[in-house]
Amino acid sequence: MSAQPVSRVRRARLWRTTAAVAVLLGVIAYLVVQYVTSGPGAPRCAVRIQGGGDPYELSPEQAANAATISAVATSRGLPERAVTIALATAMQESGLRNINFGDRDSVGLFQQRPSQDWGTVKQIMDPVYSSGEFYRHLVKVPGYSRLPLTVAAQKVQRSGYPQAYAKHEADAALLTGALTGRNGDVLSCTVSHPVDSAGPDGAAKVREKLVREFGAEVLPATEAGGGRTAAAGRSLTVPVQPDGYAAATDDAAQRGWRLANWALAHAADLHIDRISYAGRTWTAADSDKGWQGAAAAGDAAGAVRIVTAQ
C-alpha cells in the first residue's frame, strides 16, 4: 500500500474520532445544562390543576416565553383558543425555548424560516415578533377557532408531522387558563434568592416589556398610577382597567390575574422581588410558598403592584 492511501485512511480515522469526541462533549454539555436548569432545587414554574392532579411544570425560561405568546394575543384582541393553538405549536416546535437552530434554516419559538418569508433571523429570534407573525397567519385561516388544533396549527406551520401538535393540547389549554388569568392564581414560580438587582430603573424595564407585549393601552398615558411616562424607580402599579384599554364587559378579576401571572412568569428575567394583587402576594424570598394571603371582603382588586429587586 502506498504512503498516500495510508495517509488518507489515517486522516479519515482522525476526522471520525474528532467528530465522535465533539458529539460526546456536546451531549455531556447538554446534560450538564439540563441538570443545572431542571435538576433538583432549580428554579421552576408550575400550573396547578384545579380539582387536583399533578401540576404542569416548566422552566422560568419556558414560562416567560409562554407569557409573551399569551400577551401578544391579548394585544391583538384574540380569543383564548388562539393562545392554546400558539402554545401547543411552540411546545412542539421548540419546547417553548427561543432556540437559534432547527431544521434547515428554522429558528425561534415557532421554528419559522427566513427563507420562507417569515422575517430575518434577528426578527424571528424576537419572541414578540415571532408570536405576532404566528397570529398574523393564524387569523387568515377561516374558522381557525373551531378547527381541530392540529388542523389550525398545520395551516400555519406546514409541518411534516402535523399530528404531533395534538399531544400538547391539554398542557397548552392548562397554561392558557393560567396566563389569560381565567383560572386565577394557579401559576407559581420559584426563583433563586437573593434576586439580582434590577437597577435603579427596574420598574422602567418592566413597564417597557409590559407595553411591548400587551400594547401601549395596558397602561394609562399619564404619570398618575405608574403610567407610560412615569419616572424610573423600583415599583410599578398597573391598573387593571386603564382608560381605553379594556371593554367594560371584560372580567376585571381575569384581567388582573392575567397581568399578575405575566409578571410572575417574567420574575426571573425582570428581577422582580414582589407582586401583589387582590390581597394575594408573591415574594422572591418565599417563592417556594407561591401566592400567599387571601383577598379581603370588598377588595377592589383594582391594580397589580410589581416591585423589582434593589
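Read on for an overview of the structure.

**Comments concerning the state of the cysteines**
Item 1. Inspection of the entire model under this criterion finds 1 disulfide.
Item 2. Each sulfur in the disulfide pair Cys-45 and Cys-189 lies 2.1 Å from the other. Residues Cys-45 and Cys-189 are joined through a disulfide that is right-handed, its torsion about the S-S bond being 110°. One end of the pair, Cys-45, is in strand β1 (residues 45–47); the other, Cys-189, is in strand β3 (residues 187–189), with 144 residues separating them in the sequence.
Item 3. Since its relative accessible area comes to 2%, Cys-189 is described here as buried.

**Regarding the pattern of salt bridges**
Item 1. Applying the stated criterion across every chain, the model contains 12 salt bridges.
Item 2. A salt bridge links Asp-126 to Arg-212; its shortest N-O distance comes to 2.3 Å. Highlighted residues: Asp-126 in the loop between α4 (121–124) and α5 (127–138) and Arg-212 in helix α8 (residues 202–214), separated in sequence by 86 residues.
Item 3. Looking at Asp-126, the relative accessible area reads 19%, which means it is buried.
Item 4. For Arg-212, a relative accessible area of 47% corresponds to the partly exposed category.
Item 5. Connected via shared salt-bridge partners are Arg-48, Asp-185 and Arg-280.

**Concerning the nonpolar core**
Item 1. The biggest cluster of nonpolar side chains holds 75 residues, and the ones touching the most others in it are Leu-96, Tyr-135 and Leu-175.
Item 2. If you tally residues by element for this core, the top one is helix α3 (residues 80–94), at 8 residues.
Item 3. Once residues lying within four places of it in the same chain are set aside, the contact partners of Leu-175 are Val-47, Tyr-56, Leu-58, Ala-66, Leu-87, Met-91 and Leu-96.

**Here's the deal with the packing of aromatic side chains**
Item 1. This structure, assessed with the given rule, holds 5 aromatic pairs.
Item 2. On the basis of an interplanar angle of 90° and a centroid distance of 5.1 Å, the ring pair of Trp-257 and Tyr-277 is categorised as edge-to-face. Taken together, the positions of Trp-257 in helix α9 (residues 252–265) and Tyr-277 in strand β5 (residues 272–277) put the pair 20 residues apart, joining distant regions of the chain.
Item 3. Between Trp-257 and Trp-291, the aromatic rings sit 5.0 Å apart at their centres with planes inclined by 90°, giving edge-to-face as the arrangement. Separated by 34 residues along the polypeptide, Trp-257 in helix α9 and Trp-291 in the loop between β6 (280–283) and β7 (303–308) bring together distant segments of the chain.
Item 4. The rings of Phe-110, Phe-134 and Tyr-135 are connected pair by pair, giving a single aromatic cluster.

**With respect to the sheet that holds β6**
Strand pairs in the sheet, formed through backbone hydrogen bonds, run parallel or antiparallel to each other.
Item 1. Judged by pairing direction, the sheet is antiparallel, and its 4 strands sit side by side in the order β4-β7-β5-β6 without closing on themselves. Either end of the sheet is taken by a strand with one partner, and the two such strands are β4 (235–239) and β6. In this sheet, neighbouring strand axes are inclined to one another by 15° on average, regardless of whether the strands run parallel or antiparallel.
Item 2. Inspection of the sheet shows β5 paired to β7 by 4 bridges, in the antiparallel sense.

Conventions adopted
Residues numbered from 1 in each chain as written. Predicted model: local features only at pLDDT ≥ 70, side-chain atom pairs only at ≥ 80, totals over all residues. Heavy atoms only, no water. Disulfide = S-S within 2.5 Å. Helix = DSSP H or I, 4+ residues; strand = E, 2+ residues; numbered from the N terminus. Buried < 20%, exposed > 50% of the residue type's maximum accessible area, 1.4 Å probe, protein only. Salt bridge = Lys/Arg side-chain N within 4 Å of Asp/Glu carboxyl O. Core = buried A, V, L, I, M, F, W, Y, C linked by side-chain atoms within 4.5 Å. Contact = heavy atoms within 4.5 Å. Phe/Tyr/Trp six-rings, centres within 6.5 Å; stacked < 30°, edge-to-face > 60°. Pairing = 2+ DSSP bridges. Axes fitted to C-alpha atoms, helices over the stretch in contact; angles between N-to-C directions.

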